[in-house]
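As a plain string of letters, each chain reads:
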Amino acid sequence: MPDLYTPDLFTDVDSFASEERGCPQVDANLSFIDLFAGIGGFHVALNALGCECVFASEKDNHARTTYAKNFSVTPGQFNDDIRKIEADDIPDHDILCAGFPCQPFSQAGHKKGFDDGDKSERGNLFFKILEILEAKKPKAFILENVRHLIAHNEGKTFQTILDCLTQANYCVSYKIIKASDFNVPQHRPRVFIVGFDCSQVDTSHAFQFPTPVPLVKSMSNIFGAPCDKKIGFTLRVGGKGSPIDDRRNYEFYRVDGAVRRINLAEARELMSFPTTFEFPVSKSQAMKQLGNSVCVEVVKAVGRSVIGHLQQHGKLKLDDSMQNKGELSESYALLKIIHQKVIQYGDVHGLPTKDSIRVLKIKNQTTTLTLKDFTVQVITGNDSRVDIPIDSLITKSELSEIVSAIKEGAATFNITKIDDAIRILGITKSKGASLDKADMTIDFEEKFLNTDQGISIKSFLGNPPTLLNASSATNFVYTVTGLKSAQVEAINQIKTSSKIKDRVAAVEAAGGRFQFSHCESETYESNLRKADSQMPEILAEALLSFFKKTTSKRLAEYSPANRFLPASSSDIHCRLRDFVKYTILGIFPAKAWNGHLTASGAVLVKEDGSLVFYHSNKEDVLKNYFYQHTYFDTPSSTRHRFGSLYKEGSALQFKLNLQLRLESE
């Protein structure tokens, strides 16, 4: 008889390893989300460590059935397509978990990576994870994929992933871990990528992946009889039914002298799922689901180390000192307004006019700043008042120095003078709420008093300011007809510096036709139709025209082709002016719009640091200035998942992304 594994021994080994790593098994009291969840391997592991799942997403209906059978998830917590939910709508959480689709990178698959469009957009779904990280800022993440991800496209794909995660302000570590490293007799090498938010975790301490434990369990233990292999094949989907000596075989073993196929109970144990885990699906589906899952014991070991790192090195307070140029420009605008109090209106060219306003108060949720001739009075929520001399707060020369520092600074940095002044004013941030177009609220006097006016800040001190930021929510989806499969593959291989425009041209040169289908975000399409019932079609045509190189990048110079919406050119431009106004003052792509404008005007911070003012009091000037200076921009196609032909069901589709910026005169 073989030396069979016993549960007591395994428990002892696991406990010993946990104590050695300094990560005791305690109630972590942390929340997590489970993306590309499959049947819930991450869920089983993190639950065992005391974490609560607050959201899960899985597209495959059979896997969803198994997941729902084993976990208590409400419909609102269990998304069926991660592309169809906005990142802001996902619950707050401490740890993001994702075994994102591996087929585009696997040795067994076609290894197309980010270019995979065979079945929807598997390769690009990493960037949906990135959107969620940037929007929700969890303390940590745990990602899992096949080891071939590291080498894909000569390492460029993996480097892109690491760079994007780092740019999102996470300190990132990775390691290839085999199931057999944690007393599971299966090879199953997988790359685990772990990251910690630099603002919430002290990342001066390096993260340590769990130390492997002795392998005391073998395939003989799995089968309950002598097996000629100590460590089993990687349980997977491809190769089903291959002969025992075939290189693709993963399911047949020689056990007690006879060829034997691994059964469901044995496969479940090989993936270290509990015996109570149920499969309310066919056996073939259950085996497929296990083959696509993560090894629970490995995830548990990695999760235990992540939780231990958070418990030891988590910060009590977020580090808000580092800001980007846009955030610093907002603080500069606040201080500039306090110093000069009077702001001139701008004309349609962005130049100051003789008309002006005098700012009387600046408000946020907890503080009101009353501007006097030589002092600013700070009134806090408990009605305490203090008068601060303006020249002790900020001087004209210091404002000039701040302008130079912002223009010359890196992507994110801090300016001590801004930090000190904002702290004196008792304001933690000048930025408005995430669902508010206004960066500040002011009372101002013109011919009459205007109170509680939401004002947006648009700064030219860094890159041209965005009016509409790119995200998956700003993707427009077109159905493409008239192409053959070979043409699709060839078009997707175009890699020129202007590849999106060249691919659009190649589609039409090959006889393909674009027809607007829908906005990727149902929320954004609904918002646009509230502004104008035909606005999605108008924008879809304008966007396609831009990428076809048939129009200037300036929105005002667009020549309507009436491809999707028969209407006069003047009518189209009138509607687009309103769209630009709503974009500046009210509409968010990812949040349902109730028709209310949360801002009523905007302050431009010009390249020399001077300010000009636009307001709905002079609506025609506001609309004309912003419309004449709004232009189409091309964001990262890989990051925002657009610009490739792909199949969605039986339809061939193509996405274009709408990003708008403001150019100076």
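Structure first, text after, so check above.
Remember, predicted model here, so these are calculated numbers, not experimental data. (Residues numbered from 1 in each chain as written. Predicted model: local features only at pLDDT ≥ 70, side-chain atom pairs only at ≥ 80, totals over all residues. Heavy atoms only, no water.)

Looking at this model, I keep getting lost on the overall build of the protein chain. Mind explaining?
A count of helices and strands for the protein chain gives 19 helices and 27 strands. For the protein chain, the residues scored as buried account for 53% of the 665 residues in total. Pairs at least 24 residues apart make up 68% of the contacts formed inside the protein chain by residues separated by at least 6 positions. Here the protein chain displays about 28500 Å² of accessible surface, and carbon together with sulfur accounts for 48% of that area. (Helix = DSSP H or I, 4+ residues; strand = E, 2+ residues; numbered from the N terminus. Buried < 20%, exposed > 50% of the residue type's maximum accessible area, 1.4 Å probe, protein only. Contact = heavy atoms within 4.5 Å. Areas by Shrake-Rupley, 256 points an atom, 1.4 Å probe, with all protein chains shown as cover.)

Would you mind showing me how to read helix α3 (residues 61-70) here?
Every α-helical turn comprises 3.6 residues, leaving residues that sit three or four positions apart pointing alike. When α3 is considered as a whole, its buried residues turn out to be A63, R64, T66 and Y67. Projected onto a plane normal to the axis of α3, the buried residues spread over an arc of 165° and lie on a single side. Two to three positions downstream of the cap, the backbone nitrogen of H62 sits 3.1 Å from a side-chain oxygen, assigning the N-cap of α3 to D60. (Arc of directions from axis to C-beta. Polar contact = N/O pair within 3.5 Å; in protein donor to acceptor, adjacent residues only side chain to side chain.)

Hey, could you run me through the pairing of strand β7 (residues 190-197) in this one?
In regular strands, side chains alternate between the two faces of the sheet. Within β7, eight of the eight residues are buried, leaving the element largely enclosed by the surrounding structure. A two-sided burial pattern is seen for β7, the buried positions comprising R190, F192, V194 and F196 on one face and V191, I193, G195 and D197 on the other. Alignment of strand β6 (residues 170-177) against β7, held across eight bridges, turns out to be antiparallel. Bridge pairing links I176 to V191 in β7. (Pairing = 2+ DSSP bridges.)

Would you take a moment to explain the packing of helix α4 (residues 126-136) against helix α5 (residues 156-167) for this structure?
Two measures define how a pair of helices packs: the angle their axes make with one another and the distance between the axes. At their nearest, the axes of α4 and α5 sit 10 Å apart, and the two run at 10° to each other. Considering their axes alone, α4 and α5 lie roughly parallel with respect to each other. Between α4 and α5, the residues in contact are F126, F127, L130 and L133 and T160, I161, C164 and L165, respectively. (Axes fitted to C-alpha atoms, helices over the stretch in contact; angles between N-to-C directions. Parallel < 35°, antiparallel > 145°, perpendicular 65-115°, else oblique.)

Whenever I open this one, the sheet that holds strand β26 (residues 651-657) confuses me. Can you help?
Strand order in the open sheet formed by four strands is β21-β20-β26-β25, with antiparallel pairing between adjacent strands. Across the chains shown, the open sheet's two edge strands, defined by having one partner strand only, are β21 (513-519) and β25 (645-648). When the angles between neighbouring strand axes are averaged without regard to direction, this sheet yields 40°. As defined by bridge partners, strand β20 (residues 475-481) adjoins β21 across six bridges and the pair is classed as antiparallel. If you follow V477 over to β21, its bridge partner there is H518. Against the sheet, helix α15 (residues 499-509) engages β20, β21, β25 and β26, with an angle of about 145° to β26.

How should the packing of aromatic side chains be read in this particular structure?
The description of two aromatic rings rests on the distance between their centres and on the angle between their planes. For the structure on display, the rule yields 26 aromatic pairs. Measuring from centroid to centroid gives 4.7 Å for Y67 and F71, while their planes differ by 55°, and the two rings are tilted. Y67 gets classed as buried once you look at its relative accessible area, which sits at 0%. Judged by its relative accessible area of 12%, F71 falls in the buried class. With a centroid separation of 5.6 Å and an interplanar angle of 75°, the aromatic rings of F514 and F654 are classed as edge-to-face. Taken together, the residues F514 in strand β21 and F654 in strand β26 connect sequence positions 140 residues apart. Here the two residues F514 and F654 agree in accessibility, since each one is buried. Here the aromatic cluster, defined as three or more aromatic residues joined through ring pairs, consists of Y67, F71, F78, F273, F277 and F279. Positioned above the aromatic ring of F78, the side-chain terminus of R64 is 4.1 Å from the ring centre. Positioned above the aromatic ring of F546, the side-chain terminus of K501 is 4.3 Å from the ring centre. (Phe/Tyr/Trp six-rings, centres within 6.5 Å; stacked < 30°, edge-to-face > 60°. Lys NZ or Arg CZ within 6 Å of the ring centre and 35° of its normal.)

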